[in-house]
Amino acid sequence: MAQKWQPDFEKLVDEHQSMVFSLAWRMTGDRGLAEEVAQDVFLELDRHMARIESPEHALNWLRRVAVSRSADALRRRRVRGVDLWVEIEEKHGSPSEERQSPLETRLEQLLSTLPEAQRAALVLRYQEDMTPEEIAVTVEAPLATVKSNLHRGLKLLRAKATTNLKEYIRGL
Amino acid sequence: MDFEWPDQPEEFNEFERELKQAMERRPAPPGLKRGIMQKRSARSTERHHTTMIWWQRLAASLLIAGVIAGGFGWRQMEERRRGEEAKQQVLTALRITNQVLNNMNRKLVEHDRSDNGK
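A brief report on the enclosed structure follows. (Residues numbered from 1 in each chain as written. Chains lettered and ligands numbered in written order. Predicted model: local features only at pLDDT ≥ 70, side-chain atom pairs only at ≥ 80, totals over all residues. Heavy atoms only, no water.)

**Focus: the overall build of chain B**
Then comes step 1: Secondary structure assignment for chain B yields two helices and zero strands.
Then comes step 2: Relative to its 118 residues, chain B shows a buried fraction of 18%. (Helix = DSSP H or I, 4+ residues; strand = E, 2+ residues; numbered from the N terminus. Buried < 20%, exposed > 50% of the residue type's maximum accessible area, 1.4 Å probe, protein only.)

The structure is reproduced here in structure tokens:
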């Protein structure tokens, strides 16, 4: 009988912190909030460690919870009445973001203006290189909905990019 | 693993490629792991503390329940003892009364006999 996989929390944090943080940042559009979300996601993982069965399970669990907690954080923020998009404008324009290329910064700005479901689908697709089937499992939505979100999101993003990023992207 | 749309023009694929490039994972902030480990440790301490409090509460509850049950049992025993004592006293009183009545009866019988002899 194969030996049961024993998850090592610290190792999982090392391996996946960049993925969780990037997902949260792209979903929320706010670095500080993304850091909070990433911490919460890993602390939740710690509570669920006994139920994690394999490295793949850990990775999928982290992706699913990161997307869902990011959406929750955004909703909480909206309820509190914070003008998120004004904040995003300020944060993306801050000097700490200077290491990013202008295209990346602008694309992320545009991405953060998409509807939540489309944004989640696009981030999982292009950051995590997931197939629509895998995304459907992760976000617990029908495959047709995910495909539609991907298609519409991509179209919308491209349309926005056409007016804003013509100078950066060859495919426009 | 390109995700092709059937009616998608070539420039759309180019845009997807650009997007993929722009959306690479970012390095996590240096303090993220430290923050997670600190919160985890704090939570573990807090959880331990909470568990301890619950055990203390449980122990205190059991002690109080024991004291109450003991007190109740003692009271019942005491009432039973007192009842038994009262019963014995009544029986003693009845025995004494019975003796007194017997003596009186005997004296009356003797008195009747002496009256008839005269």
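**Focus on the overall build of chain A**
Then comes step 1: Check the secondary structure of chain A and you find eight helices and zero strands.
Then comes step 2: Taken from the N to the C terminus, the helices and strands of chain A come in the order α-α-α-α-α-α-α-α.
Then comes step 3: The burial tally for chain A puts 49% of its 172 residues in the buried class.
Then comes step 4: Partitioning the contacts of chain A with sequence separation of at least 6, the portion at a separation of at least 24 is 65%.
Then comes step 5: When the accessible area of chain A is evaluated, it comes to approximately 8500 Å², of which 50% is carbon and sulfur surface. (Contact = heavy atoms within 4.5 Å. Areas by Shrake-Rupley, 256 points an atom, 1.4 Å probe, with all protein chains shown as cover.)

**What about the side chain of Glu44(A)?**
Residues and elements named next belong to chain A.
Then comes step 1: Relative to the assigned elements, Glu 44 resides in helix 2 (residues 31-47).
Then comes step 2: The exposure class of Glu 44 is buried, given its relative accessible area of 12%.
Then comes step 3: Setting aside anything within four residues of it in sequence, one finds Glu 44 in contact with Trp 61, Val 65 and Arg 69.

**Structural notes on the packing of helix 1 (residues 9-28) of chain A against helix 6 (residues 116-126) of chain A**
Residues and elements named next belong to chain A.
Then comes step 1: Contact pair helix 1 / helix 6: the axes reach a minimum separation of 10 Å and the direction vectors enclose 150 degrees. Comparing their axes, helix 6 and helix 1 come out roughly antiparallel. In terms of crossing hand, the pair formed by helix 1 and helix 6 is right-handed. For the pair helix 1 and helix 6, the contacting residues are Leu 23, Arg 26 and Met 27 in the first and Glu 116, Arg 119, Ala 120, Val 123 and Leu 124 in the second.
Then comes step 2: Grouping the constituent residues of the contact of helix 1 with helix 6 by class yields five nonpolar, no polar and three charged. (Axes fitted to C-alpha atoms, helices over the stretch in contact; angles between N-to-C directions. Parallel < 35°, antiparallel > 145°, perpendicular 65-115°, else oblique. Left-handed = near helix turned anticlockwise from the far one by under 90°. Nonpolar A, V, L, I, M, F, W, Y, C, P; charged D, E, K, R; others polar.)

**Quick notes on the pattern of salt bridges**
Then comes step 1: Considering all chains together, one arrives at 20 salt bridges over all chains under this definition.
Then comes step 2: When the shortest N-O distance is used, the salt bridge between Glu108(A) and Arg26(B) registers 2.1 Å. In this pair, Glu108(A) is assigned in helix 5 (residues 102-111) and Arg26(B) in the loop between helix 1 (10-22) and helix 2 (32-117), connecting two distinct chains. The same class applies to Glu108(A) and to Arg26(B), which are both buried.
Then comes step 3: Among the charged side chains, a network of salt bridges with common partners joins Glu44(A), Arg69(A), Asp72(A), Arg75(A) and Glu116(A). (Salt bridge = Lys/Arg side-chain N within 4 Å of Asp/Glu carboxyl O.)

**Focus: a nonpolar patch on the surface**
Then comes step 1: Together, Ile96(B), Val100(B), Leu101(B) and Met104(B) give the surface a local cluster of nonpolar side chains, amounting to about 370 Å² of exposed area.
Then comes step 2: Tracing the backbone through its elements, the reader meets Ile96(B) in helix 2. (Patch = residues over 30% accessible without salt bridge, like charges linked within 9 Å, V, L, I, M, F, W, Y side chains within 5 Å.)

**Side note on the interface of chain A and chain B**
Then comes step 1: Counting residues at the interface gives 50 residues for chain A, matched by 30 residues for chain B.
Then comes step 2: Carbon and sulfur atoms make up 63% of the surface buried where chain A meets chain B, a total of about 4000 Å² over both sides.
Then comes step 3: Where chain A touches chain B, the interface holds seven salt bridges.
Then comes step 4: Here Arg43(B) and Asp46(A) are joined by a salt bridge, their closest N and O atoms 3.4 Å apart.
Then comes step 5: Between chain A and chain B we count 14 residue pairs in polar contact (both at pLDDT 80 or more) in total.
Then comes step 6: Elements that contribute at least two residues to the side of chain A that touches chain B include exactly helix 1, helix 2, helix 5, helix 6 and helix 8 (143-164) of chain A.
Then comes step 7: With 11 residues, helix 1 of chain A is the single largest residue contributor to the side of chain A that touches chain B.
Then comes step 8: Across the side of chain A that touches chain B, the residue classes tally to 22 nonpolar, nine polar and 19 charged. (Buried area = accessible area lost by both parts, 1.4 Å probe. Polar contact = N/O pair within 3.5 Å; in protein donor to acceptor, adjacent residues only side chain to side chain.)

**As for the packing of helix 6 of chain A against helix 8 of chain A**
All names here are of chain A.
Then comes step 1: It is the contact of helix 6 with helix 8, at a shortest axis distance of 8 Å, that shows an interaxial angle of 95 degrees. Considering the angle they form, helix 6 stands roughly perpendicular to helix 8. Residues Ala 117, Gln 118, Ala 121, Leu 122, Arg 125 and Tyr 126 of helix 6 form the contact with helix 8, whose participating residues are Asn 149, Leu 150, Arg 152, Gly 153, Leu 154, Leu 156 and Leu 157.
Then comes step 2: Of the residues assigned to the contact of helix 6 with helix 8, the class counts are eight nonpolar, three polar and two charged.

Shape descriptors only; they carry no functional weight alone.
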